[in-house]
Amino acid sequence: MATIQIDSLRKEFENDEAGSIVAVEDVDLTVEDGEFLVLVGPSGCGKTTTLRCVAGLEDVTSGAIRFGDRDVTDLQAREREVAMVFQNYALYPHMNVRKNLGFGLKLSSGLSSAGIRERVDDVAEMLGIGDLLGKKPKELSGGQQQRVALGRAIIREPAVFLMDEPLSNLDAKLRAEMRTELQELQHELGVTTMYVTHDQTEAMAMGHRIAVMNDGTLQQVGTPEAVYRSPTNEFVANFIGSPSINLLTADVDGGTLTGPAGFEYALEDATPVAGHDRVRVGIRPEDIRPVNADGNEAEASVVEPMGNENFLYMGMGDLELTARIANDLRPAPGETVRFEVDEAALYLFDVATGEALKTMTDETDVAVGEYTTTGGE
Ligand code: ATP
């Protein structure tokens, strides 16, 4: 087992038409021994490139990669003892599952045929694919193929697992199941794992810690809760969380924030906005608390029932707001909804840099409030 240490990683691609592209810049990141770290960010942010540099599938432009105390920066992929699982499972189509699982071992280990057979049986049992060993990949469902691909990674007992969107070809239900299975498996094996996804829900659900990337650079590394509640900047706040955080620009006058369409908020503690004429205000959908009197006013447009709660979409002038409200609240389209937000739950960001000025400062519950619907117009 090993830590993965990435120091000042930079990867530039030469591109004839556009000159060179810096895909990854100045990334410092340590994945602890046995940790499940998820690298997450929008398409093109450099996650796959980072992972491929760790795997040894790309040369780094500058920087270093270490596994434990071993500097692997200049080692070939096959010398690094990594196992990689990709989105396309890359199984050998002409080989049955047993051969797919055992093939890598045959090449890389000194095991006898009987030894390989035994390891294949063990791994197949661990993944619940023992009855599929005689089948070819095309006879398997997506989920089964994914298990075989995982098995092929596990069987080599690698020092490090690297996974690039391994679940994205599966349907939603299977993906959720495989998420849990993968976490259990990783826990059982205790192998240091780097997992790439663009799906923040998956990242939040799976990662011990998550590393958020944007535009080639690392934005924040932390536990899912820390990244959600204390984002370092507006990008992270906006990227993490579903539905997304509501964001608006407000003028600052002392402790009063004034936004579009009459949005007003009186801060008890104006310290975070001191020296700012304008700020970006962030409000998580679950922190919008409908109330009967006072509060800001918005106009309900759509209610989406989720069963356990409702998503309420509402407008304040041009501003679209999303609120997560109790499942028995169902404002009609056009109905005026008044709402409050606890100051502890308010996020504030610098207009120019996006840097967080204030994040969530206290435990806050999902908003319920004492609002009753009036039936609308
Ligand atoms: P996605 O989720 O879409 O796979 P990503 O975050 O994994 O995105 P990368 O694949 O790492 O992003 O790409 C980062 C940037 O580097 C992109 O601008 C991409 O076009 C560029 N890039 C990646 N590979 C190459 C390459 N081989 N040659 C040139 N440019 C590349």
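Preceding block: the structure.
Draft legend 1. Highlighting the site of the ligand. In the vicinity of the ligand, the contacting residues are Phe13, Ala23, Pro42, Ser43, Gly44, Cys45, Gly46, Lys47, Thr48 and Thr49. In this structure, Ser43 approaches the ligand through a side-chain N or O atom, which is 2.6 Å from an oxygen atom. In this structure, an oxygen atom belonging to the ligand sits 2.5 Å away from a side-chain N or O atom of Thr49. In the complex, the protein chains occlude 61% of the 630 Å² of accessible area that the ligand would expose alone.

Draft legend 2. Quick peek at the nonpolar core. Counting 43 residues, the largest nonpolar core has Val38, Leu101, Tyr195 and Ile240 as its most contacted members. The element contributing the most residues to this core is helix α4 (residues 142-154), with five residues. A domain-level breakdown of this core finds at least three residues from each of domain 1 (4-232) and domain 2 (235-358). Among residues more than four places away in sequence, those in contact with Ile240 are Val40, Gln200, Met204, Ile210, Val212, Val227, Tyr228 and Arg284. Counting 29 residues, the second-largest nonpolar core is a separate cluster that includes Ile288, Ile325, Val337 and Phe339.

Draft legend 3. Main features of helix α5 (residues 172-189). With 18 residues, α5 ought to run about 26 Å at 1.5 Å a step, and its terminal C-alpha atoms sit 25 Å apart, in line with that. Within the sequence span of α5, burial applies to Met178, Arg179, Leu182, Leu185 and Gln186. One side of α5 holds all its buried residues, which, seen down the axis, span an arc of 140°. Along α5, exposed side chains directed more than 90 degrees from the buried face belong to Lys173, His187 and Glu188. Elements that come into contact with the buried residues of α5 comprise β3 (36-40), α3 (113-126), α4, β7 (160-164), β8 (192-197) and α6 (200-206). Backbone geometry just downstream of α5 places Gly190 in the positive-phi region, at approximately 65°.

Draft legend 4. Spotlight on the sheet that holds strand β12 (residues 256-258). The antiparallel open sheet is built from six strands, whose spatial order is β13-β12-β11-β14-β20-β21. On the outer flanks of this sheet lie β13 (264-266) and β21 (356-358), each paired with one strand and no other. Sheet twist, expressed as the average angle between the axes of neighbouring strands with direction ignored, equals 35°. As paired elements, strand β11 (residues 246-253) and β12 share three bridges and run antiparallel to each other. Among the inter-strand pairings, Val252 is bridged to a residue of β12, identified as Leu257.

Draft legend 5. Fine view of the packing of aromatic side chains. Throughout the structure, instances matching the rule amount to four aromatic pairs. For the ring pair Tyr92 and Phe103, a centre distance of 5.0 Å and an interplane angle of 70° mean the geometry is edge-to-face. Taken together, the residues Tyr92 in the loop between β6 (82-85) and α2 (97-108) and Phe103 in helix α2 connect sequence positions eleven residues apart. Overall, Phe103 belongs to the partly exposed group, its relative accessible area being 27%. Aromatic side chains Tyr347 and Phe349 sit 6.4 Å apart centroid to centroid with 15° between the ring planes, which places their arrangement in the stacked category. Taking relative accessible area as the criterion, Phe349 reaches 0% and is therefore assigned buried. The ring of Tyr92 has Arg152 sitting right over it, with the charged end atom 5.5 Å from the ring centre. Above the face of the Tyr228 ring, Arg284 is positioned so that its terminal group lies 3.9 Å from the ring centre.

What counts and what doesn't
Residues numbered from 1 in each chain as written. Predicted model: local features only at pLDDT ≥ 70, side-chain atom pairs only at ≥ 80, totals over all residues. Heavy atoms only, no water. Near = heavy atom within 4 Å. Polar contact = N/O pair within 3.5 Å; in protein donor to acceptor, adjacent residues only side chain to side chain. Areas by Shrake-Rupley, 256 points an atom, 1.4 Å probe, with all protein chains shown as cover. Core = buried A, V, L, I, M, F, W, Y, C linked by side-chain atoms within 4.5 Å. Buried < 20%, exposed > 50% of the residue type's maximum accessible area, 1.4 Å probe, protein only. Helix = DSSP H or I, 4+ residues; strand = E, 2+ residues; numbered from the N terminus. Domains from an automatic or database assignment. Contact = heavy atoms within 4.5 Å. Expected span 1.5 Å × (residues − 1). Arc of directions from axis to C-beta. Pairing = 2+ DSSP bridges. Axes fitted to C-alpha atoms, helices over the stretch in contact; angles between N-to-C directions. Phe/Tyr/Trp six-rings, centres within 6.5 Å; stacked < 30°, edge-to-face > 60°. Lys NZ or Arg CZ within 6 Å of the ring centre and 35° of its normal.

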